[in-house]
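Next come the chains, spelled out residue by residue.
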Amino acid sequence: MISITEAKISQTNIPVSQRTSSLRFTVVDETNDYIVVNKPPFLLTHPTKPDQRTTLWKELRELLAFEIANGGQVSIVNRLDRETSGLVLVAKTAAAARRVGLLMQEHRLHKEYLAIVWGWPEWETKTVDAPMDRQGKHQPSAIWLKQMIHPDGAPAQTEFRVERRLTRSSTTSSPNFAEPSPPSSPSGRGSREAAGEGATEKFALIRAIPKTGRTHQIRVHLASLGHSVVGDKIYGPNEQLYLEFIETGWTAKLERELLLPRQALHSAKLAIENGEEWNSAPPAEMFAPFNF
């Protein structure tokens, strides 16, 4: 294998996927125009503060240093939240960025996510068509970035499909998979603590297909249905958990209430209409509490 430095100096035609580095993400696919990577959870997509924290954007610039020196660029197409894992499409040239931008405007870039949510939905498929806006614009909000459904917000639409239902005892870490038929009654949107000792907890693996790209769209729309994403500190059982996390970091108490230190949301599929398609399975740690 060849190092990035050697590639920049002597082997300019070596593809990115063959360069060795200490980067935290993995390369799924690449051409002269784009690169598709698999982002792990907890890696920021873009810098949010003027510090030296590692971000996907910085690591991509390191990996594509030769291309950038020769007129290329790093244009991240689909930005993922810090805790969300999965596929990210990155344009490597200005021309490619313009083409992908046009595809997005024409709704020809298809995206699918997988999420684990609290409870069993009463439905097998569901479409949420509900505009969204930043909550602080309409009512007091302790979390500046928190979004809400509001009639004055931007249009937002998401399709949901139940992929699998499961149950588990709150006293064990091993779930039992449920029959595929829908439940006769919904379970609550509460946390693990709310379930009580020995109670049977219900969860569902949901495929989410956003038709628009609003901030936190999938998380907000799922929470509006009463099935928030497991591990979601903002839209889960109590937003105070997010504020507590900011103060204390991850604790045993937060683990009891949220199960996961990250939101269980993964960018599982990207597809260009009549073109390329990429798929990614969620990382094992996302399913750790559920023994998938």
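The rules behind these values
- Residues numbered from 1 in each chain as written.
- Predicted model: local features only at pLDDT ≥ 70, side-chain atom pairs only at ≥ 80, totals over all residues.
- Heavy atoms only, no water.
- Helix = DSSP H or I, 4+ residues; strand = E, 2+ residues; numbered from the N terminus.
- Buried < 20%, exposed > 50% of the residue type's maximum accessible area, 1.4 Å probe, protein only.
- Contact = heavy atoms within 4.5 Å.
- Areas by Shrake-Rupley, 256 points an atom, 1.4 Å probe, with all protein chains shown as cover.
- pLDDT = per-residue confidence, 0-100.
- Core = buried A, V, L, I, M, F, W, Y, C linked by side-chain atoms within 4.5 Å.

What is the right way to look at the overall build of the chain in this model?
The helix and strand inventory of the chain stands at 8 helices and 15 strands. Every one of the 292 residues in the chain was classed for burial, and the buried ones make up 47%. For the chain, restricting intrachain contacts to residue pairs at least 6 apart in sequence, the fraction spanning at least 24 positions comes to 67%. Only carbon and sulfur atoms are counted for the fraction: they give 48% of the accessible area of the chain, which is about 14,200 Å².

How should I be thinking about the confidence of the model for the chain in this particular structure?
Low-confidence regions, as indicated by low pLDDT, have predicted coordinates that should not be scrutinised in detail. Averaged over all residues, the pLDDT of the chain is 85; the fraction at 70 or higher stands at 81%. A low-confidence stretch, residues 1-12 stays under pLDDT 50, and its non-local contacts, those more than four residues away or across chains, total 20 contacts. Every residue in residues 174-191 is under pLDDT 50, and counting partners more than four places away or in other chains gives 45 contacts.

For this particular structure, what's the right way to read the nonpolar core?
Buried together is how nonpolar side chains tend to be arranged in soluble globular proteins. In this structure, Leu 60, Ile 116 and Val 230 are the most contacted members of the largest nonpolar core, which totals 42 residues. Put simply, the parts of the chain that give this core at least two residues each are strand E4 (34-39), helix H2 (56-63), strand E6 (85-91), strand E7 (109-118), strand E11 (157-169), strand E13 (200-210), helix H6 (217-224) and strand E14 (265-272). Apart from residues lying up to four places away in sequence, Ile 116 is in contact with Phe 203, Ala 204, Leu 205, Ser 228, Val 229, Val 230, Ala 264, Met 286, Phe 287 and Phe 290. Val 36, Leu 109, Leu 270 and Trp 278 belong to the second-largest nonpolar core, a separate cluster that totals 11 residues.

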